[in-house]
Amino acid sequence: MSLVSVVIPSYNHAHYIREAVESVLSQSYANLELIVIDDGSSDASLDYLRSVNDPRYTLIEQENAGAHNAINKGLSLAKGDYLAILNSDDIFHKERLSECVARLQQGVDLVATWIEIIDNKSKVLGVKEGWRNMLPWSIKKPDARLIGADDFKLNLLFSNFVSTTSNVVFSRKVYETVGGMRNLRFAHDWDFLLRVALKFRCELLEKPLLKYRIHSTNTISSNRAWMLFEICWIFAVHLKDFSGELLLQSTDLDRFSHGIDLMANSINFQGNDKVFWMLMQYMAAHQKTENFSPEEVLLDREELRAEFIRYINV
């Protein structure tokens, strides 16, 4: 039985961390290791995490460095043939790893699933069926959108229907090829998925095998302007890699027109088209080399990022 490594980045979720950890250690798939990276929690999280006694469990404590950093630390320590991530406020269904690993062993490289949306008391609010429902924004012409295509990659261009880093199980080959999470506060999972989808076979398993928690301290609610900047950044970085391959490749005028309609009716900059085009211009003006990546400079230099964020329409 292949080893599965699960990484939990933990930060100030004392009310939820026990459920997260227990949902991993009680999986029907027993051959696993659980690596928890506590990212400088200041609440009671560590009191519980230090008390867990299971030979499959490892706790690493570090100063606060951000979720993407904590995830990358855990992935770098993982020994498994397959890798999974669980945020410290989410919950795995008991059969999640068994179901996902079964698909990975049949040739899929990354698996996501439907998810149950739960509140702060673990009450189920609904089921998100990938790209088929709970859209992040309204669509004026539902028949002319990417969501009409039963295609993981196409729909990933439209929005991050996977919703969370908790909702990915993938092979070691994926991690070794694509790398970990980049320095994005809100969209590191979407960026990772787009990089993976370009090179590997991804699948949405149509079963709700993850409980994704919505509560007042979700990261996504903390800074809307920064989040919208990251959405524009995602499109500026990735759209060019997908548009030619998936949407505009036909020389037939009708098919070309259909591709244009798909893009026009599916890509939504939330009123920040200007910022998207400024980001595109910035990246075009600064050539990417082996030692220099203009898109990553935008993420690492706060003062440069702020020049774009001040134009964000919230």
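Structure: above.
Residues numbered from 1 in each chain as written. Predicted model: local features only at pLDDT ≥ 70, side-chain atom pairs only at ≥ 80, totals over all residues. Heavy atoms only, no water.

A.B. asks: How do you make sense of the environment of Ile214 when you look at a structure like this?
C.D. replies: Tracing the backbone through its elements, the reader meets Ile214 in the loop between strand S9 (202-213) and helix H8 (224-247). As a C-alpha pair, Ile214 and Ile117 span 97 residues in sequence and 7.0 Å in three-dimensional space. Once you skip the residues sitting within four places of it in the chain, Ile214 turns out to touch Ile117, Ile118, Asp119 and Asn120. (Helix = DSSP H or I, 4+ residues; strand = E, 2+ residues; numbered from the N terminus. Contact = heavy atoms within 4.5 Å.)

A.B. asks: Explanation requested: the pairing of strand S2 (residues 32-39) in the structure shown.
C.D. replies: Most of S2 sits inside the fold, with eight of its eight residues counted as buried. Here S2 shows a buried face lined by Leu32, Leu34, Val36 and Asp38 and a second buried face lined by Glu33, Ile35, Ile37 and Asp39. Where strand S1 (residues 4-10) lies against S2, seven bridges are found, and the strand directions are parallel. Paired with Ser10 across the strands is Asp38, a residue of S2. Running through helix H1 (residues 17-25), the crossover from S1 to the neighbouring parallel element S2 is right-handed. The pairing of S2 with strand S3 (residues 57-62) spans six bridges and is classified as parallel. (Buried < 20%, exposed > 50% of the residue type's maximum accessible area, 1.4 Å probe, protein only. Pairing = 2+ DSSP bridges. Right-handed = clockwise from strand over helix to strand, strands pointing away.)

A.B. asks: Hey, could you run me through unusual backbone geometry in this one?
C.D. replies: What is expected of a backbone is that most residues other than glycine have negative phi and most peptide bonds are trans. If you check the backbone angles, Ser122 has positive phi at about 70° while not being a glycine. Of note, Ser122 is situated in the loop between strand S6 (110-118) and strand S7 (124-128). One non-glycine residue with positive phi stands out, namely Met134, at about 50°. Locating Met134 in the fold gives a position in the loop between S7 and helix H5 (152-158).

A.B. asks: Explanation requested: a nonpolar patch on the surface in the structure shown.
C.D. replies: A contiguous nonpolar surface patch, about 290 Å² in accessible area, is contributed by Leu253, Phe256 and Ile260. Among the secondary structure elements, Leu253 is positioned in helix H9 (residues 253-266). (Patch = residues over 30% accessible without salt bridge, like charges linked within 9 Å, V, L, I, M, F, W, Y side chains within 5 Å. Areas by Shrake-Rupley, 256 points an atom, 1.4 Å probe, with all protein chains shown as cover. Salt bridge = Lys/Arg side-chain N within 4 Å of Asp/Glu carboxyl O.)

A.B. asks: What is the right way to read the side chain of Ser5 from this model?
C.D. replies: Inspection of the secondary structure assignment puts Ser5 in strand S1. At 3.3 Å, the side chain of Ser5 and the backbone nitrogen of Lys79 are in polar contact. Beyond its immediate stretch of four places on either side in the chain, Ser5 contacts Glu33, Ala78, Lys79, Gly80, Tyr82, Leu83 and Ala84. (Polar contact = N/O pair within 3.5 Å; in protein donor to acceptor, adjacent residues only side chain to side chain.)

A.B. asks: Got a minute to help me understand helix H4 (residues 96-104) in this structure?
C.D. replies: The periodicity of an α-helix, 3.6 residues per turn, causes residues three or four places apart in sequence to face the same way. Buried within H4 we find Arg96, Leu97, Cys100, Val101, Arg103 and Leu104. Each buried residue of H4 lies within a common arc of 160° when the element is viewed along its axis, so the set occupies one face. (Arc of directions from axis to C-beta.)

A.B. asks: Please explain the pattern of salt bridges as it appears in this structure.
C.D. replies: Proximity of charged atoms lets side chains of opposite charge pair with each other. Using the criterion set out here, one finds 15 salt bridges in the structure. Between Glu295 and Arg182 there is a salt bridge, with the nearest N and O atoms lying 4.0 Å from each other. Taken together, the residues Glu295 in helix H11 (residues 294-300) and Arg182 in the loop between helix H6 (172-178) and helix H7 (188-199) connect sequence positions 113 residues apart. An identical accessibility class is assigned to Glu295 and Arg182; each is buried. The salt bridge involving Arg182 is made with Glu296; its shortest N-O contact spans 3.1 Å. Here Glu296 lies in helix H11 and Arg182 lies in the loop between H6 and H7, a separation of 114 residues in the sequence.

A.B. asks: Explain the packing of aromatic side chains here, please?
C.D. replies: The relation between two aromatic rings is expressed through the spacing of the ring centres and the mutual angle of the planes. Inspection of every chain in the model, using the stated rule, returns 10 aromatic pairs. With centroids separated by 5.3 Å and ring planes inclined at 55°, the aromatic side chains of Phe170 and Phe192 adopt a geometry described as tilted. Of this pair, Phe170 sits in strand S8 (residues 169-171) while Phe192 sits in helix H7, and the two are 22 residues apart along the sequence. Here Phe170 and Phe192 have matching classes, each one buried. Counting every residue linked through ring pairs, the aromatic cluster contains Trp190, Phe235, Phe269, Phe276 and Trp277. (Phe/Tyr/Trp six-rings, centres within 6.5 Å; stacked < 30°, edge-to-face > 60°.)

A.B. asks: How should the nonpolar core be read in this particular structure?
C.D. replies: One recurring pattern in soluble globular proteins: nonpolar side chains tend to sit buried together. Ranked by internal contacts, the top residues of the largest apolar core, which has 63 residues, are Leu110, Phe152, Phe170, Trp233 and Leu279. In terms of residues, this core owes the most to one element, H8, which gives 13 residues. Aside from chain neighbours lying at most four places away, what touches Leu110 is Leu104, Phe152, Val168, Val169, Phe170, Phe192, Leu193, Val196, Arg201, Cys202 and Glu203. Ranked by size, the runner-up nonpolar core spans 34 residues in total, among them Leu97, Val111, Val169 and Leu205. (Core = buried A, V, L, I, M, F, W, Y, C linked by side-chain atoms within 4.5 Å.)

No statement about biological role is implied by the geometric values presented.
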